[in-house]
Amino acid sequence: MLTVEDPGKRDLWGPAAQDLLSALFLAAATSGRTLHHVARWLDEPAVPTPCELLTEVGLHLLASSLSIESVSRRREPS
């Protein structure tokens, strides 16, 4: 498995995690939500709330990208 801390290999997980967290933080910030909401969204990836919140403020592409990320996370085996 590639990790963020492995300087000899391509950074695979860092950029994806950064994109996901950035989108969730933005959804929370633009809607008056808190980090507690962000933690719940991370725990329940099927919750469409962050996508809806981003769409409401006109961030359609970011909402779409977050929605695709959510679907792919649900399909990964645990």
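Higher on the page you've got the structure.
Residues numbered from 1 in each chain as written. Predicted model: local features only at pLDDT ≥ 70, side-chain atom pairs only at ≥ 80, totals over all residues. Heavy atoms only, no water.

1. Focus: the overall build of the protein chain
Working step 1: Along the protein chain, the regular secondary structure elements total 4 helices and 0 strands.
Working step 2: Taken from N to C terminus, the helices and strands of the protein chain fall in the order α-α-α-α.
Working step 3: Considering the protein chain as a whole, with its 78 residues, one finds that 21% of them fall into the buried category.
Working step 4: Long-range contacts, defined as pairs at least 24 residues apart, comprise 35% of the intrachain contacts of the protein chain with a sequence gap of at least 6.
Working step 5: Summing over all exposed atoms, the protein chain offers an accessible surface of approximately 5600 Å²; the carbon and sulfur share of this is 58%. (Helix = DSSP H or I, 4+ residues; strand = E, 2+ residues; numbered from the N terminus. Buried < 20%, exposed > 50% of the residue type's maximum accessible area, 1.4 Å probe, protein only. Contact = heavy atoms within 4.5 Å. Areas by Shrake-Rupley, 256 points an atom, 1.4 Å probe, with all protein chains shown as cover.)

2. Overview of the packing of helix α1 (residues 13-31) against helix α2 (residues 35-43)
Working step 1: Two elements in contact, α1 and α2, have axes separated by 9 Å at closest approach and are oriented at 135°. For the element pair α1 / α2, the angle class is oblique. With respect to the hand of their crossing, α1 and α2 are arranged in right-handed fashion. The residues of α2 that touch α1, namely those facing Leu-20, Leu-21, Leu-24, Phe-25, Ala-27 and Ala-28, are Leu-35, Val-38, Trp-41 and Leu-42.
Working step 2: Taken together, the residues of the contact of α1 with α2 break down into 10 nonpolar, no polar and no charged. (Axes fitted to C-alpha atoms, helices over the stretch in contact; angles between N-to-C directions. Parallel < 35°, antiparallel > 145°, perpendicular 65-115°, else oblique. Left-handed = near helix turned anticlockwise from the far one by under 90°. Nonpolar A, V, L, I, M, F, W, Y, C, P; charged D, E, K, R; others polar.)

Everything listed is a geometric property; what it means functionally is a separate question.
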